[in-house]
Amino acid sequence: MKRLSILLLILFCLGSGSVAEDFRLAFTVDLMVGHHAWFDSPFLVHEPEQVVKTLKDLTGFNTLYVFYGGQVAPEKAIEIFDKWFSAGEKFAVEIIPVLSLINNYLAREKPELIYPNSGPVPKVDLRLDEVKKVYAQIVREIDSRYAPNYFGIFEFNEFSAASMTEQYPRIKTTEALEWIEVLGSSTKAKKAVTFMQPWAVSLRWVKEFNLASLDTYGFIRDETWDELASYTKKAVNVFKEVDGDLIILDDYGGELPAIRQRKAAEILRQSGATGFNMDFIIISHVLWYKRNEDFWTDLLSDGSYDGVFRESFNEVCQIYRESGEK
Amino acid sequence: MSRLTRFVKYTEKVVRNSMKRLLVLLLMVVLGVSVSAKVLFQDTFDEETDDWKLGMTLEVYEGCLNNDTLGLSLDAELLGEEFENCVIAGTFQINEWGKNGALRILFRYNSLFESYWLSFWPTGIGIHRFTGTWESGTLLGSNDSPAFGALGTHTFKIELNDFTFKVFVDGKEVLKVSDSEKEFPVGGLLLRFDDVALSFDEISVDSL
C-alpha cells in the first residue's frame, strides 16, 4: 500500500507537471508569409513548414498567430491553414488562427460587402449578414478540421483608428459584441484578441476574450516603462493570458535598440504577462518598404536573419531561448 | 323689477361669467401650451445611435454612455443640433478621477475653443468662455465644493437665458454667471471626458 501511495504520488506530480502551461513564446505571421501589412499577397510566398522549423530551431518558440486578412478566397485560405496546422503539429507549436476585417479578396469579388468608406485598406462591413455568414463558415471549417485551442480576432484597430482618421465607420459596441458572438459560437476554441491597443483594455467588448496579445509599440519606442507596466497589469486583471510584443523597429524603418526588448521583456514578466510575441507582419513590411530588405528570404535561406535589425532581432531570439529554458 | 326680469338678468350674468371663465380657461390652455418646455433633444443611451460622434473609447452599453479609460481626452459630440436659449440637463456617475480629471459640458459649442465650458472637477465647478485658443479661456465664474465632483451619481441642469447661465447640481442652484461679451448666442453640445472614468445615464435639452 505504501509503495502504491508513493507511486500514485509520483504519477500525480508528473501529471500535474505535464499540464502546467508553458510561458507563451509567440510570433505573428501573415498566412501567406508576405511582406505587406495589409495582406495583399495572393499567393503563398514561403512554405509554412520551413517557417515553423526555422523559428523553432532558432528560438524554441511554442505559439504562432497566423493572420487571414482576405489574401485569397476563404476556401483557399483553409487549405493554406492546413499547412500551418500540420507544421504546428510536427514542431509542437500551437497555431492560433486570427481573422482580420481587412479583405482584399472580397473587395475584388464582392465589393458590396466592404464598408463604403473604409479608405485605402478594404475592410468588410461586419454588420452585414453575408459577411457574418462567410466568416462564421471560415471559423467552423477551421474548428472542425484542426480544433484550435484559441481562435483570434484582430483587434479592431479599425475601431479606434476609425474615429481618428474618419476613413471608416465606427464599430459600435453592440456590433462588435455581435460579431464576437457570431464567430465565437462557430468554434469550441477560446477567444484571443491581437494586437490590442492600450486604450482598448477597458472596453466592454474586449472583455469577451481569454487571451490578449498587447500592442506595446509606443512604450518600447518611447521607453515609457512605467506605462508599459501599468498597461500590462491592467490587462492581466482582465484576461486569463496576456502576451506582449517585443517589437524591434519603428514604423519608419528605425531600429529600436536591443536593450529595449530586454527591458520590455523584464517588465512584461514582472507585471504578470504570460508570454511574449513578435510581429513579423510589421517587421517584414517595414524592412521591405523602408529598407529594401526581404526579411523572410534572408531568414529562411540560412536560418538566421542578417539584415539591418539583426542585433535587436537576435536579442529577442535569445530572450525566447532563455525563457524556454526556465 | 319683476321676477322674470331678474331671472333673465341672472341667467345673462351666469352665461356671461361662464363665457368669461371659458375664455380664461381657453387662454390658460393656449398660454400653457405655449410656455411649457419643448423637448429639443433627449437620449437615455438605451442604444448607440448615430446622433453622437463618439471618441475612441467611449461606448454605449447597459443604458449608459461609458468611459472607463483614464489619461485621455474623449469627446461625445452631438451632431447636427444647435440650440439658443434652452435647458440642458442630465444624470451622470463619476467612477474615478485621473490626475488631471475634468468632466466638461461644452454648450453653445461652435468648435472646441469657440464655446462655453461648464467643468466639473474633484474640487468644484466653473464656467469658461473660449474664443479661439486655449489661452483665450476666461473664467466667468466658479463654485468650489468637493460635493459637486464627489464619486457617485449627480444630476445637473444648465439654464441658458440669453447670456446668463444658471447651473443646478443635484437639484440646487450653485452657480449663476453672465457673459458680458455676449460671444456665442447659439451652438451645439459636446461632452468631454478629460481623464475621468464616468458614465452618463441620460441627457436632454428642452426649450427654456
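Predicted, not measured: the structure shown is a model, and the values here were computed from it.

### Some points on the overall build of chain B
Part 1 of the argument: A tally of helices and strands in chain B yields one helix and 13 strands.
Part 2 of the argument: Moving toward the C terminus, one meets the helices and strands of chain B in the order α-β-β-β-β-β-β-β-β-β-β-β-β-β.
Part 3 of the argument: Carbon and sulfur atoms provide 54% of the accessible area of chain B, an area that totals close to 10,900 Å².

### Overview of the overall build of chain A
Part 1 of the argument: Within chain A one finds 13 helices and eight strands.
Part 2 of the argument: Every one of the 326 residues in chain A was classed for burial, and the buried ones make up 57%.
Part 3 of the argument: Pairs at least 24 residues apart make up 74% of the contacts formed inside chain A by residues separated by at least 6 positions.
Part 4 of the argument: Accessible surface, chain A: about 14,000 Å² in total, of which carbon and sulfur atoms supply 52%.

### A closer look at the sheet that holds strand β5 (residues 190-196) of chain A
All names here are of chain A.
Part 1 of the argument: Around the barrel, which closes on itself, the eight strands sit in the order β1-β2-β3-β4-β5-β6-β7-β8 with parallel pairing between neighbours. Ignoring strand direction, the axes of neighbouring strands in this sheet form an average angle of 25°.
Part 2 of the argument: Where strand β3 (residues 94-99) meets strand β4 (residues 150-154), two bridges bridge the pair, whose relative direction is parallel. Bridge pairing in β4 places Leu 99 opposite Ile 153.
Part 3 of the argument: Sheet strands touched by helix α3 (residues 74-90): β1 (24-30), β2 (63-68) and β3. Its angle to β2, the strand with the most contacts, is close to 170°.

### Digging into the environment of Ile 319 of chain A
All names here are of chain A.
Part 1 of the argument: Assignment of secondary structure puts Ile 319 in helix α13 (residues 310-325).
Part 2 of the argument: Remark: the alpha-carbon pair of Ile 319 and Glu 181, spanning 138 residues in sequence, is separated by 36 Å.
Part 3 of the argument: In contact with Ile 319, not counting residues within four places along its chain, are Leu 246, Gln 261, Arg 262, Ala 265 and Phe 276.

### Some thoughts on unusual backbone geometry
Part 1 of the argument: Phe 195 of chain A follows Thr 194 of chain A through a cis peptide bond whose omega is -20°.
Part 2 of the argument: Following the sequence through the fold, Phe 195 of chain A ends up in strand β5.
Part 3 of the argument: Not every positive phi belongs to a glycine, and Val 33 of chain A is a case in point at roughly 55°.
Part 4 of the argument: Here Val 33 of chain A falls in the buried class, since its relative accessible area comes to 2%.
Part 5 of the argument: Even without a glycine there, the phi angle at Glu 62 of chain B is positive, about 50°.
Part 6 of the argument: On the secondary structure map, Glu 62 of chain B appears in the loop between β3 (59-61) and β4 (64-67).

### Points about the confidence of the model for chain A
All names here are of chain A.
Part 1 of the argument: Within chain A, residue pLDDT values average 89, and 89% of them lie at 70 or more.
Part 2 of the argument: Under a pLDDT of 50 for its full length, residues 7-20 has, in the predicted model, zero contacts with residues more than four places off or in other chains.
Part 3 of the argument: This stretch, residues 160-164, has a pLDDT under 50; its non-local contacts, to residues over four places away or in other chains, come to 15 contacts.

Parameters and conventions
Residues numbered from 1 in each chain as written. Chains lettered and ligands numbered in written order. Predicted model: local features only at pLDDT ≥ 70, side-chain atom pairs only at ≥ 80, totals over all residues. Heavy atoms only, no water. Helix = DSSP H or I, 4+ residues; strand = E, 2+ residues; numbered from the N terminus. Areas by Shrake-Rupley, 256 points an atom, 1.4 Å probe, with all protein chains shown as cover. Buried < 20%, exposed > 50% of the residue type's maximum accessible area, 1.4 Å probe, protein only. Contact = heavy atoms within 4.5 Å. Pairing = 2+ DSSP bridges. Axes fitted to C-alpha atoms, helices over the stretch in contact; angles between N-to-C directions. pLDDT = per-residue confidence, 0-100.

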